[in-house]
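If you want the building blocks of each chain, they are given just below.
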Amino acid sequence: MRRRGLLPTLLLTFIAAAGGWVWLGLPFAAGWLLAVLAGMAINRGVFEWMARRPNPGRRLEWTLSAITFVYTAIYCVMPFGLAAISDYPTALLAGAAMIGAITLSSTSEFVISRRIGLGSQSALLIASIVICVSRANSEPWPNVLFGAIAILGFFACILQFAMHRVRDDRRFLEAVAEAQGANAAKSLFLATMSHEIRTPLNGVLGMVQAMDAGELDPTQRERLNIIRGSGQALTEILNDVLDLSKIEAGKLELETIPFDLETALRGAVAPFTVLAAEKGLSFALDLSDAAAGRYQGDPARLRQVLANLLSNAVKFTERGGLTVAVTREDGVLRLAVTDTGPGIPPERIGQLFGKFAQLDASTTRRHGGTGLGLAISRELAQLMGGGIIASSTVGVGSTFTLSLPLDRLGDATPIDARPVAVEAVERTGLRVLAAEDNRVNQIVLETLLAQAGIAPVLVPDGEQAVRAWAEGGWDLVLMDVHMPVLDGVSAVREIRAREAAEGRPRTPVIALTANAMTHQVAELLAAGMDFHVAKPIDAGQLFTAMEAALEQAETAAAARAT
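As the structure is a prediction and not an experimental result, all values here were calculated from the model.

(A) Region of interest: the nonpolar core. With 41 residues, the main nonpolar core has L261, L306, V326, L333, L335 and L402 as its most contacted residues. Contributing elements (two or more residues each) for this core: α10 (261-278), α11 (299-316), β4 (321-329), β5 (332-339), α12 (373-383) and β7 (397-404). Every residue in contact with L306, bar those within four places of it in the chain, is listed here: L265, A268, V269, V324, L335 and V337. Among the nonpolar cores identified, the runner-up in size contains 23 residues, and L448, I454, V533 and I537 belong to it.

Structural data, given as structure tokens:
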């Protein structure tokens, strides 16, 4: 008796007992009901115990089959009484219906075990034969013979159905296991490729940032910008593929934090105002008074969706301009991105949000891209409780409207929008330990940190990082994750364990890694990292994290002093 079938079985049992009371009297009905409830409790207890033993031996399986046989036989006493003892034709019909219902229900036991299913079916078959034979004295023997043949045929069909159900369930479970295995393999592959691609990208974009801070002639700066743009485009493609993988696996997590809408919008549109100006396009951001203010939600994902819409708008618009109109009505925030591009034929609007969809898939197409941006944007909008709709007129332009039911917290508050500067971490005598096994990444770290006047001490693996940390005097540790000898996670766990055992103050540790998926970042923070900066390293994000880590350590030191 499995849990999901318990309530319907109890209901039918009490109905059958009531019918027995009507046709056979109260003593018979009450005795049968008590016996069945006791058998049901024993049967349920036995199967719950069995559930904790996923691989029972054959002897135990036959024992459970015998228990099921006895329980089913007790249950069959009522239909036997109705069909064989009672003289009412309606009671005979009720008994036959009860036997049929119990027989169909017992097919679920075959999924648990064929032996247990056969135990239940055997009891039902014997009860049916006994009922047929018990009525033989009132009918000619050919009638009884054909009745027995009909009973055997019925049970043969039931047995065949049960075997088909077992095979179908087994195939379904195998298909689910195969799909889960394929998803796990895909996730592992994407995580591995993400790490392997981000590592060389870190070298490319890291050195671009370092070179950009130096003196360059116009030609050199133009070439450097081409390298930067290509590296950033590759990073965006990588992020799109990872986002799609997380969405399909149901592992993409949204933040729910307070944020200022205008700040989030301006951060999203800033890069595209420059791109639009380069193409001679006008660009306008129209934020209505009703929409402005502070909201509760995920500003990073909001910026991502808006950036995807703006990227397409700038990419496909050759003349005219773009407008981002933000309104709020009936508790729904709407962001409409309108362009004066070529427009989209009505019959092709439905293709826009398909994965890897390109309306122009020819070899002569003018614009690149993975075709994932709009698909991911719609998925993100739906995860945030909203959606995206598109409307377009050929030769006039297109409008993409993002609708989100975000909670408005109040009016906008002044926000310190000072840009992150290298000077933020320029502190006299700052001692930084950096664990990084890749030589290119070591050079990138040294070059970026040199801009803030920091000369890090570099070690090539986690074991040497722990050894160097033990000497003391470090203000900050930058820790790679994938390293030989001892990985970064094990190293930081060792550091935290020693801090606790020796009563030492907590040393801020920032994870510098290509592991950028949400669950990976959560695992790093749970292991003892204080902050996370993804590779390719963005200098601004690195300096922001370093400043936050140092301030956190200073706050903790002040608290200990008091």
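So much for the structure itself; the text now carries on.
(B) Fine view of a nonpolar patch on the surface. Nonpolar side chains collect at one region of the surface, where F69, V70, I126 and V130 lie side by side and expose about 310 Å² of accessible area between them. Within the residue set of the nonpolar patch, elements represented by two or more residues are α3 (58-75) and α7 (114-134). When you line up the elements, F69 lands in helix α3. Residue classification places F69 among the partly exposed residues on the basis of a relative accessible area of 32%.

(C) Inspection of the sheet that holds β4 at higher detail. Taken in spatial order, the five strands make up an open sheet running β2-β4-β5-β7-β6, and their pairing is mixed. With one partner strand each, in any of the chains shown, β2 (282-287) and β6 (387-393) form the two edges of the open sheet. Between one strand axis and the next, the sheet turns by 15° as a mean value, whatever way the strands run. Here β5 pairs with β7 via seven bridges, running antiparallel. Looking across to β7, one finds that V337 is bridged to F400. Against the sheet, α12 makes contact with β6 and β7, and its axis sits at roughly 135° relative to β6, the strand it touches most.

(D) Representation of the environment of G39 within the structure. Take G39: it is sitting in helix α2 (residues 26-51). For G39, a relative accessible area of 13% translates into the label buried. Expressed as a C-alpha distance, the spacing of G39 and Y75, which sit 36 residues apart in the sequence, is 8.7 Å.

(E) Representation of the packing of α3 against helix α4 (residues 77-85) in the model. Two numbers describe how α3 lies on α4: the axes approach to 4 Å, and their chain directions differ by 35°. Facing A73, I74 and Y75 of α3, the residues of α4 in contact are V77, M78 and P79. Residues that form the contact of α3 with α4 fall into these classes: six nonpolar, no polar and no charged.

Cut-offs applied
- Residues numbered from 1 in each chain as written.
- Predicted model: local features only at pLDDT ≥ 70, side-chain atom pairs only at ≥ 80, totals over all residues.
- Heavy atoms only, no water.
- Core = buried A, V, L, I, M, F, W, Y, C linked by side-chain atoms within 4.5 Å.
- Buried < 20%, exposed > 50% of the residue type's maximum accessible area, 1.4 Å probe, protein only.
- Helix = DSSP H or I, 4+ residues; strand = E, 2+ residues; numbered from the N terminus.
- Contact = heavy atoms within 4.5 Å.
- Patch = residues over 30% accessible without salt bridge, like charges linked within 9 Å, V, L, I, M, F, W, Y side chains within 5 Å.
- Areas by Shrake-Rupley, 256 points an atom, 1.4 Å probe, with all protein chains shown as cover.
- Salt bridge = Lys/Arg side-chain N within 4 Å of Asp/Glu carboxyl O.
- Pairing = 2+ DSSP bridges.
- Axes fitted to C-alpha atoms, helices over the stretch in contact; angles between N-to-C directions.
- Nonpolar A, V, L, I, M, F, W, Y, C, P; charged D, E, K, R; others polar.

Read these as spatial facts, not as claims about activity.
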